[in-house]
Amino acid sequence: MNAAIRSEIRKISTTRMWWVLLLSLILSVAFLVGTIAFSIAFAEQLGGDEAASLTAGMNPDDVALMVYSLPVSLGYVFPAVLGALSVTQEYRHRTIDTTLLMDPRRGRFIGAKLVSIVPFAVVLGIAAMVTGVGTGAAALALADFPTGLDNSAIWGSIGMGVLALTVWGVVGVGLGTAMPSQVLVVVLLIGWTQLAEPILRLALGFIEPLQGVAAFLPGAAGDAMVGASLYSTMDSGDLLNPWAGFGVLLTYGLVAAAIGWFRMRHRDISV
Amino acid sequence: MDAPDIEVRGLTKTFGSVAAVNDLTFTARAGRVTGFLGPNGAGKSTTLRALVGLISPTAGEALIGGKPYDGIAHAPQRVGAQFEAAFHPGRSARGHLLTYAPLAGVTAQRCDEVLAMVGLTEAAGRRVGGYSMGMRQRLGLATALLGDPQVLILDESANGLDPAGVHWLRGFLRNFAAEGGTVLLSSHLLSEVELTVDDVVIVAKGELRHSSSMEDLRNLTSSRVEVRSPRQEALESFIASRYLDSATLTSPTTARIDGASAQEVGAAAFADGLELHGLEQQTDSLETVFMRLTTEGASA
Ligand SMILES: Nc1ncnc2c1ncn2[C@@H]1O[C@H](COP(=O)(O)OP(=O)(O)OP(=O)(O)O)[C@@H](O)[C@H]1O
Ligand SMILES: [Mg+2]
């Protein structure tokens, strides 16, 4: 298993993909968190009623925490795509042949993929949280808004943000094994995380008996790990507690990987 | 080297309604290079993929040393296989090999060694995306050789190699087999591997058409002589007296004599005082024999 994991780690580190995603992640988190944090912090000066009403009645630490959850809400697509591509590229470039020649045990292949994404997703997670918290705190401080960084609970949540982004990498690997078409899985990830789930979360919020279900959606589970979400302040839907969120999100990844393993078990690898 | 044999027994593989391989049986023995030949779509790649567990047989077995591929301990150190070139275009050749080194159980030094063997030392640091077809084939071979295996399974490995590359591959495989290794090499061109292989297994439409040593295949080539003489009656009596069973008149002034040589027929005609205006020997090339074997209906 060690050899398989070392091989998989080298596969990621010998291509540009992972640091291209790292740079894109830093740029988009800086931009998005900056924009949102500024519009919240300067809501009164800008006269934006919407943004002002968004945070009205929230205590300052909750506002800060919501800002610091943004790197997870907005950035989870990056570790997830990295994880998914680590699998789908094997099919796309047909290196899967050589990989299975070197070690024909397919369960081990999937296991090694799941483990080897972790260090890279941790790096992406740290980069996202450092960028997001840095940008967010700067915006809040500029507007003389409390940054909450003197609160140790907030630091705990920031750490959970790194973990959440790491688990998203594992979810990506799971999805990639369950659905090895590169285009399909990337479209699904971006479409789901950026479009389908936010709409679904809002919609479920309006349907009384299904309100609890929204908390179990993967994006909501990831947000729950940080303990705040842009979307949950919008619809006031309840989030799971952080470790329950961790469990739910990880389960998505492992269930997808199990489906992938089941599909791959007897599947022919042919041209 | 105590290399295992490759055994294919009653192998059948269907993809939906397509019977890619149908009840195929043959053995590739250690110490020999076996050519696995057949036209496009004959089922060669399917058979080779079944041997290394990439596809599972519908029926029958594909074994190496009596075991299915996933039952072989340290498989990359026993068996090396090469299929259609498949690399991540963003990796260098060295990066590609280093990626597989842990699974093959080898060090970075061995990666450089196999790169040198296939003549890619200078290009080792370049991205594979910029490689030519022949360079990719060489890297594919280097990958197959990474674990220093005793069995080589090569799918169209000579394809795209330049003459020097083909020559090198021939020498390498001859030497590999001479040291006791087992080689199974597919090709759709007999001429490409004619000088490399000891044995041939010929398939078409998923079925075995011929299996023998290369020498026995050569003996299937036959020659005939065409003679022309303006003296019709003399020609008729010449073939009637000398080649009654093997000759036929194809025109009043032309006869075809099977299984004879021009030298022999010319001498006989001279001895009989027959005036000749034409004497031509025709020999079936190996390629013609190969065509005949692969295009005819399934042999009994
Ligand atoms: N995954 C697949 N799905 C459907 N049909 C397949 C599949 N793989 C192979 N076949 C069919 O099986 C037959 C044998 O294919 P195979 O690739 O084994 O031939 P080949 O002898 O390697 O040919 P070539 O010389 O062109 O490489 C062909 O008719 C092919 O179309
Ligand atoms: Mg083929």
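A.B. asks: Is there a simple way to explain helix 1 (residues 44-51) of chain B in this structure?
C.D. replies: Taking burial as the measure, the eight residues of helix 1 of chain B include seven buried ones, the bulk of the element. Buried residues of helix 1 of chain B: K44, T46, T47, L48, R49, A50 and L51 of chain B, and no others.

A.B. asks: Would you take a moment to explain the nonpolar core for this structure?
C.D. replies: General note: in soluble globular proteins, nonpolar side chains tend to be found buried as a group. Counting 101 residues, the largest nonpolar core has Y68 of chain A together with L51, I64 and I153 of chain B as the members making the most contacts within it. The leading source of residues in this core is helix 8 (residues 106-142) of chain A, at 13 residues. Residue contacts for Y68 of chain A: discarding those within four places in its chain leaves M129, V133, G136, A137, L140, T147, L149, I154, I158 and V226 of chain A. If you look at the next biggest cluster of nonpolar residues, it comprises 53 residues, including L37, L154, V166 and L169 of chain B.

A.B. asks: Is there a simple way to explain the pairing of strand 8 (residues 199-204) of chain B in this structure?
C.D. replies: Here is the key point about a regular strand: its side chains alternate between the two faces of the sheet. All names here are of chain B. By the criterion of burial, strand 8 is predominantly enclosed, with six of the six residues buried. Every second residue of strand 8 is oriented toward a common face, with D199, V201 and V203 on one face and V200, I202 and A204 on the other, all of them buried. As paired strands, strand 8 and strand 9 (residues 207-213) are joined by six bridges and run antiparallel to one another. Bridging from a neighbouring strand, V200 pairs with S212 of strand 9.

A.B. asks: Looking at this structure, I do not really get the site of ligand 1. What am I missing?
C.D. replies: Around ligand 1 sit 14 residues, and of these S270 of chain A together with G41, K44, S45 and T46 of chain B come closest. Around ligand 1 the close residues trace back to chains A and B. Measuring from an oxygen atom of ligand 1, one finds a side-chain N or O atom of S45 of chain B at 2.7 Å. Here an oxygen atom of ligand 1 and a side-chain polar atom of T46 of chain B are 2.5 Å apart. A total of 630 Å² of accessible area belongs to ligand 1 in isolation, and the protein chains cover 67% of it. Among the elements that make up the shell around ligand 1, the one with the highest residue count is helix 1 of chain B (three residues).

Parameters at a glance
Residues numbered from 1 in each chain as written. Chains lettered and ligands numbered in written order. Predicted model: local features only at pLDDT ≥ 70, side-chain atom pairs only at ≥ 80, totals over all residues. Heavy atoms only, no water. Buried < 20%, exposed > 50% of the residue type's maximum accessible area, 1.4 Å probe, protein only. Helix = DSSP H or I, 4+ residues; strand = E, 2+ residues; numbered from the N terminus. Core = buried A, V, L, I, M, F, W, Y, C linked by side-chain atoms within 4.5 Å. Contact = heavy atoms within 4.5 Å. Pairing = 2+ DSSP bridges. Near = heavy atom within 4 Å. Polar contact = N/O pair within 3.5 Å; in protein donor to acceptor, adjacent residues only side chain to side chain. Areas by Shrake-Rupley, 256 points an atom, 1.4 Å probe, with all protein chains shown as cover.

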